[in-house]
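Examining the three-dimensional arrangement
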Amino acid sequence: MKILGLVVSLLFSFSLLQAQPVAPVEWTFSAEKVADKEYDLVFTADIDPGWYIYSQKANEDGPIPTSFYYNADPGFQPVGIPTEEGDKKEGMDEMFGIHLIKYGEKAVFKQRVMLTDEIQEISGYLEFMCCNDKQCLPPKSVDFAFDFKK
């Protein structure tokens, strides 16, 4: 009877593990002061081994590029476009059959902003897609907020 209980317990635990959603990318956010009223918004993706996210400069025939969307607020102004760095892989992608830029393990995107008013927060969301060599997950949106309260 104990063995039957153990088998049922193991099968139940295995089925719960199978039902867990795959989440190979973890995002963190921080703001770095560059000058008086000038900041770099830092978006960091920690990526599980074997998985990749894609550059902002992805080909329209390929995966969804990493993109940033800000809630409308006249209190700040982006300066240029976000930069990107990290474990960069560039070249022909087997899954999509096109030239791509993708990042594995870690990717860091930085957007410089100029604060034009007394602003308390910059918020919005980012969108990204991740793939490994066997599958791609649907695009995902992640909310972000940077706090500038004094």
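In what follows, the structure referred to is the one given above.
Residues numbered from 1 in each chain as written. Predicted model: local features only at pLDDT ≥ 70, side-chain atom pairs only at ≥ 80, totals over all residues. Heavy atoms only, no water.

**Here we look at the side chain of D93**
- Relative to the helices and strands, D93 is located in strand β5 (residues 76-93).
- D93 sits in the buried class, given a relative accessible area of 6%.
- Here F96 takes part through its backbone nitrogen, which lies 3.0 Å from a polar atom of the side chain of D93.
- Residue contacts for D93: discarding those within four places in its chain leaves Y54, I98, L100 and K102. (Helix = DSSP H or I, 4+ residues; strand = E, 2+ residues; numbered from the N terminus. Buried < 20%, exposed > 50% of the residue type's maximum accessible area, 1.4 Å probe, protein only. Polar contact = N/O pair within 3.5 Å; in protein donor to acceptor, adjacent residues only side chain to side chain. Contact = heavy atoms within 4.5 Å.)

**A few points about the nonpolar core**
- One finds W27, F43 and I53 to be the most contacted residues of the largest nonpolar core, which totals 27 residues.
- Counting only elements with at least two residues in this core, the list comes to β1 (25-35), β2 (38-47), β6 (98-115), β7 (121-128) and β9 (140-147).
- Ranked by residues supplied to this core, first place goes to β6 with six residues.
- When sequence neighbours within four positions are dropped, the list of residues in contact with F43 reads W27, T28, F29, F68, Y70, A107, V108, F109, Q111, L126, F144 and F146. (Core = buried A, V, L, I, M, F, W, Y, C linked by side-chain atoms within 4.5 Å.)

**Let's talk about the packing of aromatic side chains**
- If you walk through the whole model with that rule in mind, you get 16 aromatic pairs.
- Seen from their ring centres, Y39 and F148 are 4.8 Å apart, and the 70° between their planes marks the pair as edge-to-face. Of the two residues, Y39 is situated in strand β2 and F148 in the segment after β9; the sequence distance between them amounts to 109 residues. Summarising the burial analysis for this pair, Y39 and F148 share the class buried.
- Between the aromatic rings of Y103 and F109, the centroid separation amounts to 6.2 Å while the plane-to-plane angle is 70°, which identifies the pairing as edge-to-face. Residues Y103 and F109 agree in their burial class; the two are buried.
- Taken together through their ring pairs, the aromatic side chains of W27, F29, F43, F68, Y70, F76, Y103, F109, F128, F144 and F146 make up a single cluster.
- Sitting over the face of the ring of Y52, K102 holds its NZ or CZ atom 4.4 Å from the ring centroid. (Phe/Tyr/Trp six-rings, centres within 6.5 Å; stacked < 30°, edge-to-face > 60°. Lys NZ or Arg CZ within 6 Å of the ring centre and 35° of its normal.)

**With respect to the state of the cysteines**
- Enumeration over the complete set of coordinates arrives at one disulfide.
- Disulfide pairing is shown between C131 and C136; the S-S distance is 2.0 Å. On the sign convention where negative means left-handed, the S-S torsion of about 105° between C131 and C136 marks this disulfide as right-handed.
- Using a relative accessible area of 1% as the deciding quantity, one classes C131 as buried.
- Since its relative accessible area comes to 29%, C136 is described here as partly exposed.
- Cysteine C130 is unpaired, with the sulfur of C131 as its nearest cysteine sulfur at 6.7 Å. (Disulfide = S-S within 2.5 Å.)

**Focus: the sheet that holds β7**
- Strand order in the open sheet made by the three strands is β4-β7-β9, with antiparallel pairing throughout. In the strand order of this sheet, the two ends are held by β4 (67-70) and β9, each with one partner. Each strand axis lies, on average, 25° off the axis of its neighbour in the sheet, ignoring direction.
- Both β7 and β9 contribute to a ladder of eight bridges, which runs antiparallel. Among the inter-strand pairings, Y125 is bridged to a residue of β9, identified as D143. (Pairing = 2+ DSSP bridges. Axes fitted to C-alpha atoms, helices over the stretch in contact; angles between N-to-C directions.)

**Concerning the environment of E84**
- Tracing the chain through its elements places E84 in strand β5.
- The sequence separation of E84 and S55 amounts to 29 residues, and the corresponding C-alpha distance is 7.7 Å.
- With sequence-adjacent residues up to four places away left out, E84 is seen in contact with S55, Q56, K57, I101, Y103, V108 and F109.
- One polar contact links E84 to Q56, side chain to side chain, over a distance of 2.7 Å.
- For E84, the side chain forms a polar contact with the side chain of Y103, separated by 3.1 Å.

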